Amino acid sequence: MGKRIVIVGGGWAGSAAALTARNAGAEEVILLERTDSLLGTGLVGGIMRNNGRFTAAEEMIALGAGHLFEVCDRNSRHVNIEFPGHKHASLYDVSKIEPAVRRCLVEHGIEIWTFSRITEADIDNGSINAVLLEGGTRVEGDVFLDTTGSCGAQSQCTENGNGCVMCVIRCPTFGPRVSLVEMCGIAERNGKKPDGTLGAMSGSCKLSKETIAPEIIEEMERTGLAIIPLPDELKVSDSKQSAKACAQYALKAFAENLILLDTGHVKLMLAYMPLHKLRQLPGMEEVKYVDPYSGTLGNSMRYSNLAPRDDALRVEGDIDNLFCGGEKAGLLVGHTEAIVTGSLGGHNAVRAMAGKEPIILPDSLATGDAITNVREEMETEAGMCKKYTFSGSVYFDRMKERNLYTTDLDAISKRVSSAGLEGIFEQRVI
Amino acid sequence: MITAECINCGACEMDCPVRAIAPANNQYVIDENLCIDCEGYFPVARCKLVCPVNACAPERIKYLAKAGTMAKKGARPVVFRNGGEPAGEMIPS
Ligand SMILES: Cc1cc2nc3c(=O)[nH]c(=O)nc-3n(C[C@H](O)[C@H](O)[C@H](O)COP(=O)(O)OP(=O)(O)OC[C@H]3O[C@@H](n4cnc5c(N)ncnc54)[C@H](O)[C@@H]3O)c2cc1C
């Protein structure tokens, strides 16, 4: 019997999958990442534990997949803060998180390969034998995971967005995202904007702290956030709001105010704004973008190449050893969400390797309900135009309706143990 | 491939012998499945010739070489594992 799990894409989903695969007993876990660093879009995010993400994070901890949440908690600049529409958020430090995650993975015996973009798959008789790196190296494995995300490539950003805006994904340097599922000849789907056009634009930018007035920075560092009311002529139009990937931030407060969050850089809760307009605001006269560099014009486009998958995160189609996680697995947006699906995919990959039935998280858990609900929603045209997250919009509403949202740690651990799943992701299956 | 320098003039679309070029949101794009690099029609790719701002790079191979990624330029994987120094060669040779 085989023994190696190969994970393609080192974002939050791939990192989470690597940990659960290893903890389930996989002897060798190789994580392939095309750039020089892990975390993908997670290098510029930072918001954790807001609204229902708190519940989801605590469920994962109770399920035994808490390592990455602990790393985020340890590297948080702020905990339990509130901003419009969002309660008890933590903000991890985007400048410190990557080395911390990398250390955690290496300490768990995971092998991380950077500068390793896969561009080909060797498939035989309905199984993947190996993936090939752009430079020619062949990496064999027994079970594979596609956690390549849904961000870019430049062609997507050009055709469906405002062009390449030079974001942290750095397509020109490392080569654009390539989907393993697509290489297997499995038809994928694309998320849509409410108007039916393809993709969705990422909803926040990073500004350089040094370029903003000290009193704003002081306020932001003390409380976690700063809110600057926008004059009428700078208020964001409804159409721009609805094009955003992050429906949970498509609230009035975000259109009428500039909301700045302290994630190490200054996280500006807007998809983009022309620099000369941003500079009209008091205290922002000298402001500068750090991600995307051209935040003046647009942001990265996401949600192309979504894999058909079941609730165990197995990719549906004619390949028998392929799982997925993260944005690849559908329209569930966010770091927490990527860790949830990645963790389940990684664990089930090892089960498949051991010839065991995969586990499916029950709908008595928010995490299980979200995985099933989003899969079902994505089967409809209207569902493909929405975005889902534990932190707001349609899925958080559903969480509340079904009494799945809580911050009561006892209740969460009870619901996990009554499902018989306490510590499941720490148990070896091989 | 038409690069972001495209100014939307439409000259390439008009001259393309196989109608492989069409306007997209912010610029014109070449449908790579239709483009034949003008083979059999013109000695030099037509869009490249007529583009006033040098944004049309129809020959995929040449474009890829020009836009070579780190790996294309020879960077090898760098491997991180427990108990070892990062192994590999980071700088393209
Ligand atoms: C600007 C921005 C801000 C955000 N802010 C937040 C936030 O504050 N809170 C939050 O919860 N969510 C936020 N999100 C969303 C969140 O980052 C994502 O939903 C989540 O991190 C997705 O993780 P992932 O692992 O699925 O994909 P990604 O992060 O896209 O990772 C995919 C990885 O795969 C690699 N890859 C792709 N193709 C290949 C290949 N062929 N070979 C090898 N490697 C490959 C990529 O380089 C990348 O590292 C933000 C997103 C953006 C863009």
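Criteria and thresholds
- Residues numbered from 1 in each chain as written.
- Chains lettered and ligands numbered in written order.
- Predicted model: local features only at pLDDT ≥ 70, side-chain atom pairs only at ≥ 80, totals over all residues.
- Heavy atoms only, no water.
- Helix = DSSP H or I, 4+ residues; strand = E, 2+ residues; numbered from the N terminus.
- Rg over C-alpha atoms; globule rule 2.2 N^0.38 Å.
- Buried < 20%, exposed > 50% of the residue type's maximum accessible area, 1.4 Å probe, protein only.
- Near = heavy atom within 4 Å.
- Polar contact = N/O pair within 3.5 Å; in protein donor to acceptor, adjacent residues only side chain to side chain.
- Areas by Shrake-Rupley, 256 points an atom, 1.4 Å probe, with all protein chains shown as cover.
- Nonpolar A, V, L, I, M, F, W, Y, C, P; charged D, E, K, R; others polar.
- Domains from an automatic or database assignment.
- Pairing = 2+ DSSP bridges.
- Axes fitted to C-alpha atoms, helices over the stretch in contact; angles between N-to-C directions.
- Contact = heavy atoms within 4.5 Å.

*Asks:* Please explain the overall build of chain A as it appears in this structure.
*Replies:* Of regular secondary structure, chain A possesses 15 helices and 18 strands. In terms of overall dimensions, chain A is globule-like: its C-alpha atoms have a radius of gyration of 20 Å, near the 22 Å expected for 430 residues. Here the C-alpha coordinates of chain A stretch approximately 65 × 50 × 40 Å along the principal axes. Every one of the 430 residues in chain A was classed for burial, and the buried ones make up 64%.

*Asks:* Please explain the site of the ligand as it appears in this structure.
*Replies:* All names here are of chain A. In the vicinity of the ligand, 38 residues are found, and the nearest of them are Glu33, Arg34, Thr41, Glu327 and His335. Contact between the ligand and glutamate 33: an oxygen atom at 2.6 Å from a side-chain N or O atom of the residue. Between a nitrogen atom of the ligand and a side-chain N or O atom of lysine 267, the distance comes to 2.8 Å. Across the complex, the protein chains shield 98% of the 1,000 Å² of accessible surface that the ligand would expose by itself. Taken together, the elements giving at least two residues each to the shell around the ligand come down to helix 1 (12-23) and helix 12 (335-353). The class makeup of the residues in the shell around the ligand is eleven nonpolar, 19 polar and eight charged. The two domains that each donate at least three residues to the shell around the ligand are domain 1 (4-196 + 301-426) and domain 2 (201-291).

*Asks:* It is not clear to me how the sheet that holds strand 14 (residues 257-263) of chain A should be interpreted in this structure. Could you clarify?
*Replies:* The strands that make up a sheet pair up through hydrogen bonds in the backbone, lying either parallel or antiparallel. Residues and elements named next belong to chain A. Read from one edge of the open sheet, five strands run 13-14-15-12-16, paired in antiparallel fashion. Taken across any chain shown, the strands that pair with only one partner, and hence form the sheet edges, are strand 13 (225-229) and strand 16 (289-291). Mean inter-strand twist for the sheet, computed between neighbouring axes without regard to direction, equals 35°. Two elements, strand 12 (residues 205-207) and strand 16, share two bridges in a ladder whose sense is antiparallel. Each bridged residue has a counterpart across the sheet, and for lysine 206 the counterpart in strand 16 is aspartate 291. Here helix 8 (residues 214-223) sits on the sheet in contact with strand 13, strand 14 and strand 15 (265-268), set at roughly 135° to strand 13.

Function cannot be read off these values alone, since they describe shape.
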